[in-house]
Amino acid sequence: MPIGFEEAIALTELEKPEVPDLISLARKVTLKYKGDGVFLRSIISAQTGNCPEDCSFCSQSAHYDTEVNAHPLMAAEKILLAAKQSEKLGAMDFCIVISAKGPTPRIFKKVLDVVDLLRAETNLKIGCSLCDLSEEQAYELKEHGVWRYNHNIETCRSYFPRICTTHTYDDRLRTARLVKKAGMQLCSGGILGMGESPEQRIELAFELRELGPSWVPINFLNPRPGTPFEKFPVLSPLEAVKTIAIFRLILPDKILMTAGGREVTLRDLQSMGLVAGANAMILGNYLTTPGRSPEEDLRMLDDLEMPVRKDVN
């Protein structure tokens, strides 16, 4: 049975000597509800930069002067090549991501064509992250075989106004719920370390539990030059691991994925993050920042004797 809010808050106050016991408990919960092994996923920034939203953490926002080089939607052949490389490395899922408030009809048609190509040329499950969707678009994605849609709520409701003013928390929920209505798996999580309190991290976990995604990405702020959050300190590795473990106890039956910023935040404790409750991770690079080499991550899984899983059902 998942823990309650007050129990979770109490766990955030654990002293350092008690954290190993929390990690051990979270590992047992992972094995009981989700079994052993780690799911590997890969993403591609198919259209980068010039986003009209003002998310304070994001280097792709047109509101900020950042180091990101904007580019239009990649050619289908280039996306296919990246997908095939990911498949060879053991990824079970490949996600097409665009930077936008939502896809224009022209871009949406091109994305559908790419989805059809990837499904024909690979055995990967295909996901998308195209920001806001209309109901018609959500159902079209489902009809073309998109199995999973990523739409993070980013942070808890009480902190959301601090990170964005061009859309609301409820705007995020609307698309997330539409994804589930259309029959796709919802992938929705947030970013930790954006100045929120430990209690607000717990609020996020419980709001996610109510929303009910199948996958929960746990991202960590990697402060980007030129953004309002560029000078924010990153979470300590042990605090990040503790938070992963608490999320596992709140969300025992979800796939928890360590995603953007894990190398910067967890550093040498990346393997501990997997022991503490994460059972998926992004392989390779992120949207605008590099990840670890896939070979390093695969060696880490070998060292942990955690199998690579593809049996999501």
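Our subject is the structure that appears above.
Residues numbered from 1 in each chain as written. Predicted model: local features only at pLDDT ≥ 70, side-chain atom pairs only at ≥ 80, totals over all residues. Heavy atoms only, no water.

## Quick notes on the overall build of the protein
Along its length, the protein carries 11 helices and 10 strands. Based on the C-alpha atoms only, the size of the protein along its principal axes is roughly 55 × 40 × 35 Å. Within the protein, the proportion of its 313 residues that are buried is 58%. Restricting the contact set of the protein to residue pairs at least 6 apart, pairs at least 24 apart contribute 77%. When the accessible surface of the protein is totalled, it reaches about 13,400 Å², and 51% of it is carbon and sulfur. With 37 positive and 42 negative side-chain charges, the protein shows a spacing of 3 Å between the two charge centroids. (Helix = DSSP H or I, 4+ residues; strand = E, 2+ residues; numbered from the N terminus. Buried < 20%, exposed > 50% of the residue type's maximum accessible area, 1.4 Å probe, protein only. Contact = heavy atoms within 4.5 Å. Areas by Shrake-Rupley, 256 points an atom, 1.4 Å probe, with all protein chains shown as cover. Lys, Arg positive; Asp, Glu negative; His and termini not counted. Charge placed at Lys NZ, Arg CZ, Asp CG, Glu CD.)

## Description of the packing of helix α1 (residues 5-12) against helix α7 (residues 198-211)
Their axes nearest at 10 Å, the elements α1 and α7 cross at an angle of 140 degrees. Regarding the angle of α1 to α7, the classification is oblique. Of the two elements, α1 crosses α7, and the hand of that crossing is right-handed. In contact with Phe5, Ala8, Ile9 and Thr12 of α1, α7 contributes Pro198, Glu199, Ile202, Glu203 and Phe206. Grouping the constituent residues of the contact of α1 with α7 by class yields 6 nonpolar, 1 polar and 2 charged. (Axes fitted to C-alpha atoms, helices over the stretch in contact; angles between N-to-C directions. Parallel < 35°, antiparallel > 145°, perpendicular 65-115°, else oblique. Left-handed = near helix turned anticlockwise from the far one by under 90°. Nonpolar A, V, L, I, M, F, W, Y, C, P; charged D, E, K, R; others polar.)

## Concerning α1
Taken together, the buried positions of α1 are Ala8, Ile9, Leu11 and Thr12. The buried residues of α1 occupy one face: seen down the axis, they fall within an arc of 155 degrees. Tucked inside the fold, the buried residues of α1 contact α2 (19-34), α7 and α8 (237-250). (Arc of directions from axis to C-beta.)

## Quick word on the environment of Leu283
Tracing the chain through its elements places Leu283 in the loop between β9 (280-282) and α11 (294-304). Remark: the alpha-carbon pair of Leu283 and Lys34, spanning 249 residues in sequence, is separated by 20 Å. Apart from residues no more than four positions distant in its own chain, Leu283 is found in contact with Leu40, Arg41, Ser42, Leu89, Pro294 and Asp297.

## Looking at the packing of aromatic side chains
All chains considered together, the criterion is met by 5 aromatic pairs. Each ring, one from Phe5 and one from Phe206, has its centre 5.5 Å from the other, and the planes form 65 degrees; the classification is edge-to-face. Taken together, the residues span a long stretch of sequence, with Phe5 in helix α1 and Phe206 in helix α7 at a distance of 201 residues. Overall, Phe206 belongs to the buried group, its relative accessible area being 16%. (Phe/Tyr/Trp six-rings, centres within 6.5 Å; stacked < 30°, edge-to-face > 60°.)

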